[in-house]
Each structure stands twice: as C-alpha cells, then as structure tokens.
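Examining the three-dimensional arrangement
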Amino acid sequence: MESVVMWLATGLGTGLSPWASGTVGSLLGLPLAWWLLGRARRVQFALVAVLLLAAVPVCHLAAEALGTKDDGRIVLDEIVAFPVTVLGLSAARHPAALAGAFVAYRFFDATKPPPVNMAEAVPGGAGIVLDDSVAAAMSWLVVAAGLILWRRRQAS
C-alpha cells in the first residue's frame, strides 16, 4: 500500500526529478487541465473537488512516510491543484493561454506570497494541498484577467 501511495504522491515518479521537482511534477497537471476544460463547468468543478479531496490523505501519508511536512518529492498536490488555474475558462484551452497559466501557477507556488504561505501552515495533508490550491486560485485571477485583455485586443 505504501508503494502505491508514494507512486501517486510523487506523480508517477516525476517528483523524483533531481531538479525543479515541483515544476516537473506540475507538468502532469497540463494534460489534466486541458482534458477538464473540454467538459461542462459543473463537471470540471466536481472532478477538481474530488481530486483535491482525494489528494489530501495521499499527501498526508506520503509526508509521514518521508518524515517531512511537505517533501519536494510530493507533487500530487501540484498536479491536482493546477487545473484550478483554468477552471471554467474555456479559452484557456489555447496552448498560449495554458502555458501562461502554467507560468503564473509556478510563480505563485514557488514564491508563496500571502495567503499561500498561510495556507501552507495548515497541518498535514490538508496544508500540503491547500497551499497549492490557493496558489492556483491566485493564478486563476491572473489568467482570467489576461484572457479578458486578450479578447479585447482581438476584438479591436
């Protein structure tokens, strides 16, 4: 059971990357987000909620097994939180928009500005997943604003 938890928590092994494991692991969130964007909004929201909730115990167990609060090898939280960055934004299916969303998400996740750093203080698996979810929500604001500006520019 522990090996399955670690396999999931490390993003099928992507979290074991010797460099930028969070970014490498987050890459698995790209196809997930793209796929979700092809679904109805309520389906997107429901599936993301289920994935985030399911990630909490997996990340918690992995952190306990590794003996640290949020070990860099644990990337499931990044993978399942990334789709929040584009949730409900159908125009984000465009490769440039998805790439911009990825950059925004990695910026907020790596720099951990408030309130991301405050969410990280929540104990256990909830904190591991929550900080990435807050970073994704902040990124969503940037992406949504960027898409509005992009549409306005296209219209003129």
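Within every chain, residues take consecutive numbers counted from 1 along the sequence as written. Only residues with pLDDT of at least 70 are given local features in this predicted model, and only at 80 or more are side-chain atom pairs given and counted; all residues enter the totals for whole chains, interfaces and linings. The side-chain numbers reported here are obtained from all heavy atoms of the structure, hydrogens and water having been left aside.

**Focus on the side chain of Arg106**
Position of Arg106 relative to the elements: it lies in helix α6 (residues 95–111). Of the polar contacts made by the side chain of Arg106, one reaches the side chain of Ser26; its length is 3.4 Å. Under the scheme used here, helices are H or I runs from DSSP no shorter than 4 residues and strands are E runs no shorter than 2 residues, and both carry numbers assigned from the N terminus. Within 3.5 Å is the distance limit for a polar contact, defined as a pair of N or O atoms, with the added protein rule that one can donate a hydrogen and the other accept it, and that residues adjacent in sequence qualify only through two side-chain atoms.

**Quick notes on the packing of aromatic side chains**
Aromatic contacts are taken between Phe, Tyr and Trp rings whose centres are within 6.5 Å, Trp giving its six-membered ring; a plane angle under 30 degrees counts as stacked, one over 60 as edge-to-face, and the others as tilted. This structure, assessed with the given rule, holds three aromatic pairs. The interplanar angle of 65° and the centroid separation of 5.8 Å between the aromatic rings of Phe82 and Phe102 together place this pair among those described as edge-to-face. Note that Phe82 is positioned in the loop between α5 (76–81) and α6 and Phe102 in helix α6, a separation of 20 residues in sequence. Burial classes: relative accessible area under 20% of the type maximum marks a residue as buried, over 50% as exposed, and values in between as partly exposed (1.4 Å probe, protein chains only). Since its relative accessible area comes to 11%, Phe102 is described here as buried. Plain terms: the ring middles of Phe107 and Phe108 are 5.3 Å apart, the flat faces sit at 75° to each other, and that makes the pair edge-to-face. Residue Phe107 is classed as partly exposed on the basis of its relative accessible area, which comes to 48%. Look at Phe108 and you get buried, because its relative accessible area is 13%. Cluster of aromatic residues (ring-pair linked, three or more members): Phe82, Phe102 and Tyr105. We count a charge as sitting over a ring when the NZ of a lysine or the CZ of an arginine lies within 6 Å of the ring centre and within 35 degrees of the ring normal. Above the plane of the ring of Trp34 lies Arg93, whose end atom (NZ or CZ) is 3.7 Å from the centre.

**A short note on the nonpolar core**
In terms of nonpolar packing, the biggest core is built from 40 residues, with Leu52, Cys59, Ile74, Phe82, Val86 and Ala92 touching the most fellow members. Looking at this core, the elements with two or more residues in it are α1 (2–9), α3 (29–37), α4 (41–66), α5, α6, α7 (116–120) and α8 (124–155). Of all the elements, α8 adds the most residues to this core, at nine residues. Working rule for contacts: check all heavy atoms of both residues, and any pair within 4.5 Å makes them a contact. Leave out the neighbours within four places in its chain, and Ile74 touches Ala9, Cys59, Ala62, Ala63, Leu66 and Ile128. Among the buried residues, those of types Ala, Val, Leu, Ile, Met, Phe, Trp, Tyr and Cys that are joined through side-chain atoms within 4.5 Å form a nonpolar core.

**A word on the pattern of salt bridges**
Take a side-chain nitrogen of Lys or Arg and a carboxyl oxygen of Asp or Glu: if they are within 4 Å of each other, that pair is a salt bridge. Under the counting rule described, the total for this entry stands at four salt bridges. A salt bridge links Asp109 to Arg106, with the shortest nitrogen-to-oxygen separation between them at 2.6 Å. Here Asp109 and its partner Arg106 are both found in helix α6, three residues apart, which amounts to about one turn of the helix. A salt bridge links Lys112 to Asp109; the shortest N-O distance between them is 3.1 Å. When salt bridges that share partners are traced, they join Arg106, Asp109, Lys112 and Asp131 into one network.

By themselves, these are just geometric observations and shouldn't be taken as functional.
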